[in-house]
Amino acid sequence: MRLLLLSAVGGLCLSTLPAIAASPFDGTWKVDFKSGTFDQKPDVMILQDGMFDCQTCSPPYKMIADGKVHKVTGRDYADAMSIGVVDDATVKSESYKDGKKYAEQSRKVSADGAVMTVNWSSSYAADGKTRTGTTVLKRTGPGPAGAHAVSGSWVPEVTEATAMNAPDAGIFTISIDGNRVKYKSMIGESYEAQFGGPAVPIVGDRAGQTVSVRRISDTVIEETNYLKGTATGVNTITLVDSKTVKMSSKDLRAGFVDEIMARKQ
């Protein structure tokens with residue numbers, strides 16, 4: 001989904017964090033998941049005539065929604081998926097890689113059709129632990145006539161139901177040694193990169209992401225993420241005060257720009 005889910009599995013949110021490091025900020029930080037704000041460009045998905053079409057997924061995909069596992073191509077963290085209709089309001093999906101199930105989601109639309117609640121679990125992180133959470137989306141546009149209730153346009157929002165059931169998710173350490181940035185997360189990912197230097201591997205990332213970092217100013221750092229040499233995300237980290245940074249993540253494929261805060265521990 002968007003930023004709140006990515007952060008749990010080592011996606012853009014966490015992979016940007018080392019770049020915030022400057023001498024005063026060396027130490028341990030934690031993402032404040034309740035502080036997330038989201039691009040108002042909606043997620044668009046259509047489930048109709050037995051096909052699920054996620055038009056704004058990153059990258060987009062379309063597949064049969066028969067509940068069976070099918071091979072997929074072009075997905076960053078999966079080589080097989082299943083999507084099935086549970087009832088008129090609920091759809092369940094699963095993701096696999098190398099024959100192992102790593103993630104699942106249950107999307108359920110409210111009776112009035114205005115809200116979709118996504119309960120998810122994921123073990124994509126480098127340490128292999130399973131983490132769970134809940135994301136809430138509000139409807140901003142209808143689906144086609146006769147389509148399943150999950151069809152339409154949706155924007156994530158933070159509500160009382162939003163949850164990240166993983167105390168260690170979003171906790172990381174950072175340090176700067178001269179012109180080099182070091183990062184290690186509690187979910188098992190790490191890297192060491194040079195400001196203005198070449199992209200380096202994110203150790204433990206199951207998709208094989210690489211990352212480059214550059215210093216924009218004394219209070220702003222920019223990170224670029226790559227897959228197979230192609231830039232997929234640009235992330236800007238801005239110092240707010242001595243205990244807080246704002247992280248803005250732009251998905252270059254889908255065009256979303258989402259923001260979240262991290263607090264020094």
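Scroll up for the structure.
In short, a report on the structure.

## Here we look at the sheet that holds strand 16 (residues 200-201)
Consider a sheet: its strands pair through backbone hydrogen bonds, and that pairing is either parallel or antiparallel.
Part 1 of the argument: With antiparallel pairing, the 10 strands of this open sheet are ordered in space as 15-14-13-1-21-20-19-18-17-16. For this open sheet the edge positions go to strand 15 (190-194) and strand 16, each flanked by a neighbour on one side alone.
Part 2 of the argument: Summarising the sheet, strand 20 (residues 244-251) and strand 21 (residues 257-264) pair through seven bridges and their orientation is antiparallel. For Val245, the partnering residue across the bridge sits in strand 21 and is Ala262.

## Digging into the state of the cysteines
Part 1 of the argument: Scanning the entire structure with this criterion turns up one disulfide.
Part 2 of the argument: In this model Cys54 forms its disulfide with Cys57; the gap between the sulfur atoms is 1.9 Å. Looking down the S-S bond of the Cys54 and Cys57 bridge, the torsion is 75°, so its handedness is right-handed. Both residues of the pair, Cys54 and Cys57, belong to the buried class.

## Looking at the pairing of strand 4 (residues 61-64)
Part 1 of the argument: In terms of strand pairing, strand 3 (residues 51-54) meets strand 4 through four bridges, oriented antiparallel. Across the sheet, residue Met51 finds its bridge partner in strand 4, namely Ile64.
Part 2 of the argument: Taking the residues between adjacent antiparallel strands as the criterion, strand 3 and strand 4 are bridged by six residues.

## A look at the pairing of strand 19 (residues 230-241)
Part 1 of the argument: With eight bridges connecting them, strand 18 (residues 220-227) and strand 19 associate as antiparallel partners. Across the sheet, residue Glu222 finds its bridge partner in strand 19, namely Thr236.
Part 2 of the argument: Following strand 18, the chain reverses through two residues before pairing antiparallel with strand 19; Lys228 in that reversal takes a positive phi of roughly 55°.
Part 3 of the argument: Judged from the eight bridges that link them, strand 19 and strand 20 form a sheet pairing that is antiparallel. Opposite Ile237, over in strand 20, you have Met247 as the bridge partner.
Part 4 of the argument: Hairpin connection between strand 19 and strand 20: a loop of two residues separates the two successive antiparallel strands.

The rules behind these values
- Residues numbered from 1 in each chain as written.
- Predicted model: local features only at pLDDT ≥ 70, side-chain atom pairs only at ≥ 80, totals over all residues.
- Heavy atoms only, no water.
- Pairing = 2+ DSSP bridges.
- Helix = DSSP H or I, 4+ residues; strand = E, 2+ residues; numbered from the N terminus.
- Disulfide = S-S within 2.5 Å.
- Buried < 20%, exposed > 50% of the residue type's maximum accessible area, 1.4 Å probe, protein only.

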